[in-house]
Amino acid sequence: MTTRLSEKGAAVEVRGLVKHYGQTKALDGVDLDVRQGTVLGVLGPNGAGKTTLVRVLSTLVKPDAGTARVAGYDVLRQPRQLRRVIGLTGQYASVDEKLSGRENLYMIGRLLDLPSRQAKARADELLERFSLTEAAKRPAMQYSGGMRRRLDLAASMIGEPAVLYLDEPTTGLDPRTRNEVWEEVQRMVGEGATVLLTTQYMEEAEQLASELTVIDRGRVVANGKVAELKAKVGGRTLQIVPSDPGRLTAMAAAISEAGLDGIDGVAVDHAAGAVNVPIVTDGQLTAVVGLLAARGLAIAHIGTHLPSLDEVFLAITGKKTDSGTPVEPAAPANSKEEVTV
Amino acid sequence: MSTATATLDRPVKAVAADEGRIGLRANLRHIGALARRNMLQIKQDPESMFDVLLMPVIFTLLFVYVFGGAVAGKGNQQEYVNYVVPGLMAMMGMNIAMAVGTGINDDFKKGVMDRFRTMPIARSSVLIAKIVVELGRMMIATLILLGVGFALGLSIHTDVLHLLGAIALAAVFGASLMWIFILLGLTMKTPQAVQGVAMLVLMPLQFGSSIFAKPTTMPGWLEGFTKVNPLSNLADAARAMINGGAVAHSVWITLAWSVGITAVTAPLAVARFRKKT
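For every chain, the first residue of the written sequence is number 1, and numbering continues from 1 onward in sequence order. As they are written, the chains are lettered A onward and the ligands numbered 1 onward, keeping that order. In view of the model being predicted, local features appear only for residues whose pLDDT reaches at least 70, and side-chain atom pairs are presented and counted only at 80 or more, with totals across whole chains, interfaces and linings using the full set of residues.

As recorded by an unreviewed UniProt entry, chain B carries the name Transport permease protein and is attributed to Actinacidiphila cocklensis. According to its UniProt record, chain B has this under Sequence similarities (unreviewed entry): "Belongs to the ABC-2 integral membrane protein family." UniProt positions are given in the numbering used here, feature names are shortened, and annotations may be inferred rather than shown by experiment.

Identification of chain A as ABC-type xenobiotic transporter from Actinacidiphila cocklensis is taken from an unreviewed UniProt entry. Quoted straight from UniProt, the Sequence similarities (unreviewed entry) entry for chain A says "Belongs to the ABC transporter superfamily. Drug exporter-1 (DrugE1) (TC 3.A.1.105) family." Its UniProt record gives chain A a comment under Subcellular location (unreviewed entry), which states: "Cell membrane".

Right, here's the structure in full:
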């Protein structure tokens, strides 16, 4: 890839970024860094300021205060140079709907100063890679949501940008298409791209990002590695599936009434057919298993997992990822430690 | 505001030397690629050419046959063809310029503008490409207009050079009008609003001019208005270049208007395009 940065360090540096729209503080002093060759997930509910952040970093919006540098270029003072090193895939497909997939990609290649033949070759290469070869000649308006998003990603990749912004790349996509987009993003990162990804899906951040910045109402409320953030919230959840599904509530009652040390908040997850027990220590895990053995309540499956990012968000901001935010059902956590009995 | 920014240890000299300027050739190439986009859009949506294809036919027939007798006297339609067709050349430009405004406004609803504005291209190139393609559409409309005119008996009393001059003058003035409508298109919220405002301006300018009828037949105040209306100057210039007569005065006034309008509205439109969020 041609324009990758050779230096190590932050590819994106944001300090004290402020952008107000009237009374609305879209960005209210945001600091963040995206290290080179990594994916930073910017996580937050609707209206947290994610899109404004991306628009400032892609020179579409001028900040009221603060600084932002991308690949060393200042967004305010060097916007023209900056535009050479970035790629943007917005929440809404930024391709020309009346043009075919190939025409779109060819046009962008030409705008990036590729010679005509090279622009055609690059368009075909990317169409192939994003499984759009068959649809290449159809106007983009006839594409499905997922195809459009893939075309959009392909369009952002033509110039092999050093820094790629993905603004909610899978919002509104069905799970299968979402997985396709994820695979492509992972592949780009594998090839060395630096990515700033905004999302309101916990699962997406978990899948793609190595580090996370959680923002809420224009402010950074937490940041760090995904695992660190989860650890910050503390505790694990012990999930127990009884052998006899009929004894689910009996099992939950047995645990909560036993008065084991430090165990509180036992809950029944009917959907999973499991009892959830928040625990902090290994001793508590042993105590629960011992109790169930003593009571003759057979266990089909038992495991612990770190809290989901939904829970992390709740713990950090003191509120749910609220109103209208299409939060995915808590993902089956990757970090599950399983003990099958 | 926080700690001092740790700068990337990217070679500072290289950054200073590279001002990110876009050379003329690159700029022309970008305009070409964007104009190609606008043409492909037309290919995908051929109905968008209806105005260009039908407007000259309908207007010419309408004015010559419905109003021609009344304006020029019954049986004098032939004479009126030579009066109104050059005038309609001026009107064509204005109507097509209006479509630019609604088109730009509609374009902005699409994410593709965001992509253009985050690419290393001059932002004016997007607007200029649009104007280039619209001028092409205007040329087609003008050729159809002249074709219909000839069919109805239009005769050129000068020469081809003068005729081409009239077409070129209408194009120059049309291009300057497009900047006004681009500015309007970037300012108003919806294409409908753009159209509404445009019609409000368009109607008095078109009809309060020498395009359709001789101003001497109008009341004094209106005649006064037609004299300052640049469309009258353009219509008079085109008429003189086709029918013969003194050309220089109205041509110069039309060119002055074109330059003046462009000088004021083009920078405003580009600035507006740059800032639009």
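From this point, things continue past the structure.
Caption draft 1: Molecular detail of the overall build of chain B. A count of helical and extended segments in chain B gives 11 helices and zero strands. Here a strand is any run of E in DSSP of at least two residues, a helix any run of H or I of at least four, and the numbering for each starts at the N terminus. Its helices and strands in sequence order give chain B the pattern α-α-α-α-α-α-α-α-α-α-α, from N to C terminus. Taking the principal axes of its C-alpha atoms as reference, chain B extends roughly 85 × 40 × 35 Å. Taken over 277 residues, chain B has a buried fraction of 41%. By the convention adopted here, residues are in contact when the distance between their C-beta atoms, placed from the backbone, does not exceed 7 Å. Put simply, of all contacts in chain B between residues at least 6 apart along the chain, 80% involve residues at least 24 apart. Residue burial here comes from a neighbour count, namely the number of other C-beta atoms, placed from the backbone, that lie within 10 Å of the residue's own C-beta, with 20 or more meaning buried, 12 or fewer meaning exposed, and in between meaning partly exposed.

Caption draft 2: Inspection of unusual backbone geometry at higher detail. Residues and elements named next belong to chain A. One non-glycine residue, threonine 59, adopts positive backbone phi at about 65°. Residue placement: threonine 59 occurs in the loop between helix H1 (50–57) and strand S4 (65–70). Not every positive phi belongs to a glycine, and glutamate 160 is a case in point at roughly 45°. Its location among the elements puts glutamate 160 in the loop between helix H5 (145–157) and strand S7 (163–167).

Caption draft 3: Summary view of the pairing of strand S10 (residues 219–225) of chain A. Residue and element names in this part refer to chain A. Only when DSSP finds a minimum of two bridges between them are two strands counted as paired. Bridging between strand S9 (residues 211–216) and S10 involves six bridges; their strand directions are antiparallel. Looking at S10, one finds that glutamate 211 is bridged to lysine 225. Taking the residues that link successive antiparallel strands as the turn, the S9-S10 hairpin has two residues, and the phi of arginine 217 there is positive, at about 50°.

Caption draft 4: Main features of the interface of chain A and chain B. If you look at the interface, chain A gives 38 residues, while chain B gives 30 residues. For the side of chain A that touches chain B, the elements supplying multiple residues, two or more each, are strand S1 (10–21), S4, helix H2 (79–82), strand S6 (86–89) and helix H3 (101–111) of chain A. Of the residues contributing to the side of chain A that touches chain B, the split by class is 14 nonpolar, 11 polar and 13 charged. Here the nonpolar group is Ala, Val, Leu, Ile, Met, Phe, Trp, Tyr, Cys and Pro; Asp, Glu, Lys and Arg are the charged ones; every other residue, Gly included, is treated as polar.

Caption draft 5: Quick peek at the packing of H3(A) against helix H4 (residues 116–129) of chain A. Residues and elements named next belong to chain A. Between H3 and H4, the shortest axis-to-axis distance is 8 Å and the interhelical angle comes to 135°. Here H3 is positioned oblique relative to H4, judged by the angle of their axes. Crossing hand, H3 versus H4: right-handed. Between H3 and H4, the residues in contact are Gly101, Arg102, Leu105, Tyr106, Gly109 and Arg110 and Ser116, Ala119, Lys120, Arg122, Ala123, Leu126 and Leu127, respectively. A class-by-class count of the residues in the contact of H3 with H4 yields six nonpolar, three polar and four charged. Axes, fitted as lines to C-alpha atoms, cover a helix only where it is in contact. Angles between the N-to-C directions of the axes lie from 0 to 180 degrees. The cut-offs work like this: below 35 degrees is roughly parallel, past 145 is roughly antiparallel, 65 to 115 is roughly perpendicular, and the gaps in between are oblique. Whether a crossing is left-handed or right-handed is set by the direction in which the near helix is turned from the far one by less than a right angle, anticlockwise for left-handed and clockwise for right-handed.

Caption draft 6: Seen up close, the UniProt feature "domain: ABC transmembrane type-2" (unreviewed entry) in chain B. UniProt records the feature "domain: ABC transmembrane type-2" (unreviewed entry) for residues 47–276 of chain B in the present numbering. End C-alpha atoms of residues 47–276 of chain B are separated by 29 Å, and the span's content is 80% helix alongside 0% strand.

Caption draft 7: Molecular detail of the environment of B:Met92. Residue and element names in this part refer to chain B. Tracing the sequence through the fold places methionine 92 in helix H4 (residues 77–107). Along the sequence, methionine 92 and methionine 218 sit 126 residues apart, while their C-alpha atoms lie 23 Å from each other. Residues in contact with methionine 92, not counting those within four places in the same chain, are Pro56, Met138, Ala141, Thr142 and Leu145.

Caption draft 8: Local environment of the sheet that holds S1(A). All names here are of chain A. An order of S2-S1-S4-S5 is seen for the four strands of this open sheet, with the pairing classed as antiparallel. The open sheet has two edge strands with one neighbour each: strand S2 (24–35) and strand S5 (73–74). Bridge count for S1 against S2 is nine bridges, and the pairing is antiparallel. From the neighbouring strand, histidine 20 faces S2, where its bridge partner is lysine 25.

Caption draft 9: Region of the structure containing the nonpolar core. Counting 150 residues, the largest nonpolar core has A:Leu57, A:Val70, A:Ala154, B:Ala90, B:Phe181, B:Ile182 and B:Ala238 as its most contacted members. If you tally residues by element for this core, the top one is H4(B), at 17 residues. Not counting residues within four places of it along the chain, the set of residues in contact with A:Leu57 comprises A:Val12, A:Ala68, A:Val70, A:Val75, A:Tyr165 and A:Leu196. Counting residues in each nonpolar core, the second largest holds 12 residues, with A:Ile240, A:Met251, A:Val266 and A:Leu292 among its members. A set of buried residues drawn from Ala, Val, Leu, Ile, Met, Phe, Trp, Tyr and Cys, joined through C-beta atoms within 7 Å, is what defines a nonpolar core.

Caption draft 10: Broad picture of the sheet that holds S7(A). Residue and element names in this part refer to chain A. In space, the six strands of this open sheet follow the order S6-S7-S8-S3-S9-S10, with mixed pairing throughout. What marks the edges here is a single partner per strand, and that holds for S6 and S10. Between one strand axis and the next, the sheet turns by 15° as a mean value, whatever way the strands run. For S6 and S7, the ladder comprises four bridges, and the chain directions are parallel. Within S7, the residue paired with isoleucine 86 across the bridge is valine 163. Of the strands in this sheet, S6 and S7 touch H5, which is tilted by about 170° from S6. Its contacts with the sheet put helix H6 (residues 175–190) on strand S3 (39–43), S7 and strand S8 (194–199), and the angle it makes with S8 is roughly 150°.

Caption draft 11: Structural detail: the UniProt feature "transmembrane region" (unreviewed entry) in chain B. Residue and element names in this part refer to chain B. The UniProt record annotates "transmembrane region" (unreviewed entry) at residues 49–71, 83–105, 126–154, 160–186, 193–213 and 251–271. Counting secondary structure, residues 126–154 comes out at 90% helix and 0% strand; the distance between its end C-alpha atoms is 38 Å. Counting secondary structure, residues 193–213 comes out at 71% helix and 0% strand; the distance between its end C-alpha atoms is 30 Å.

Caption draft 12: Just the domain arrangement of chain A, in detail. Each domain's extent was defined by an automatic or database domain assignment. Assigned domains within chain A: domain 1 (10–230) and domain 2 (233–339). Once you take the C-alpha centre of each, domain 1 of chain A and domain 2 of chain A turn out to be 36 Å apart.

Caption draft 13: Quick peek at the pairing of S3(A). Residues and elements named next belong to chain A. Burial of S3 is extensive: five of the five residues sit out of reach of the surface. Along S3, one buried face is formed by Val39, Gly41 and Leu43 and the opposite face, lined by Leu40 and Val42, is buried too. Pairing between S3 and S8: five bridges, direction parallel. Looking at the pairing, valine 42 lines up with threonine 198 of S8. Summarising the sheet, S3 and S9 pair through four bridges and their orientation is parallel. Opposite valine 42, over in S9, you have threonine 213 as the bridge partner.

Caption draft 14: Region of the structure containing the environment of A:Ala135. Residues and elements named next belong to chain A. Here alanine 135 is to be found in the loop between H4 and H5. Sequence spacing of alanine 135 and arginine 102 is 33 residues, and the spatial spacing of their C-alpha atoms is 8.7 Å. The residues contacting alanine 135, other than those within four sequence positions of it, are Gly101, Tyr143 and Met147.

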